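What follows is each chain in one-letter form.
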Amino acid sequence: MLWASRIIRWGFGLALIYFGGGLEGQWPALVFGGIFFLSGFLRPVRCIDGQCGR
C-alpha cells in the first residue's frame, strides 16, 4: 500500500509540474506539484486509538 500511495503522489506531482510549466504565470501549480512530489518520499504516520506508528 505504501508504494501505491507514493506512485499516486509522484504522478500527481509530476502532472502538476508538467502542466504548470507549460503555461505562463502558473507558478502555484509548480509549487503544489513540487510539494506533492516531495511528499511521496516521506513515510506516512498514522495515529489510531492514541498510538502512532509507521
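Above: the structure in question.
Residues numbered from 1 in each chain as written. Predicted model: local features only at pLDDT ≥ 70, side-chain atom pairs only at ≥ 80, totals over all residues. Heavy atoms only, no water.

**Overview of the packing of helix α1 (residues 2-22) against helix α2 (residues 27-39)**
Step number 1: Contact geometry for α1 and α2: axes closest at 7 Å, N-to-C directions at 160°. Judged on the interaxial angle alone, α2 and α1 are roughly antiparallel. In the packing of α1 onto α2, the handedness of the crossing is left-handed. In this structure, α1 contributes R9, W10, F12, G13, L14, L16, I17, G20 and G21 to the contact, and α2 contributes A29, L30, F32, G33, G34, F36, F37 and S39.
Step number 2: Considering only residue class, the contact of α1 with α2 consists of 10 nonpolar, six polar and one charged. (Axes fitted to C-alpha atoms, helices over the stretch in contact; angles between N-to-C directions. Helix = DSSP H or I, 4+ residues; strand = E, 2+ residues; numbered from the N terminus. Parallel < 35°, antiparallel > 145°, perpendicular 65-115°, else oblique. Left-handed = near helix turned anticlockwise from the far one by under 90°. Contact = heavy atoms within 4.5 Å. Nonpolar A, V, L, I, M, F, W, Y, C, P; charged D, E, K, R; others polar.)

**Some details on α1**
The periodicity of an α-helix, 3.6 residues per turn, causes residues three or four places apart in sequence to face the same way.
Step number 1: Taking 1.5 Å per residue, 21 residues should reach 30 Å; α1 reaches 30 Å between its end C-alpha atoms and fits that length.
Step number 2: Those residues of α1 that fall on the buried side of the exposure criterion are R6, W10, G13 and G20. Axial view of α1: buried residues confined to an arc of 110°, hence all on one face. Away from its buried face by more than 90 degrees, α1 exposes I7, I8, Y18, F19 and G22.
Step number 3: Where α1 is buried, its residues contact α2. (Expected span 1.5 Å × (residues − 1). Buried < 20%, exposed > 50% of the residue type's maximum accessible area, 1.4 Å probe, protein only. Arc of directions from axis to C-beta.)

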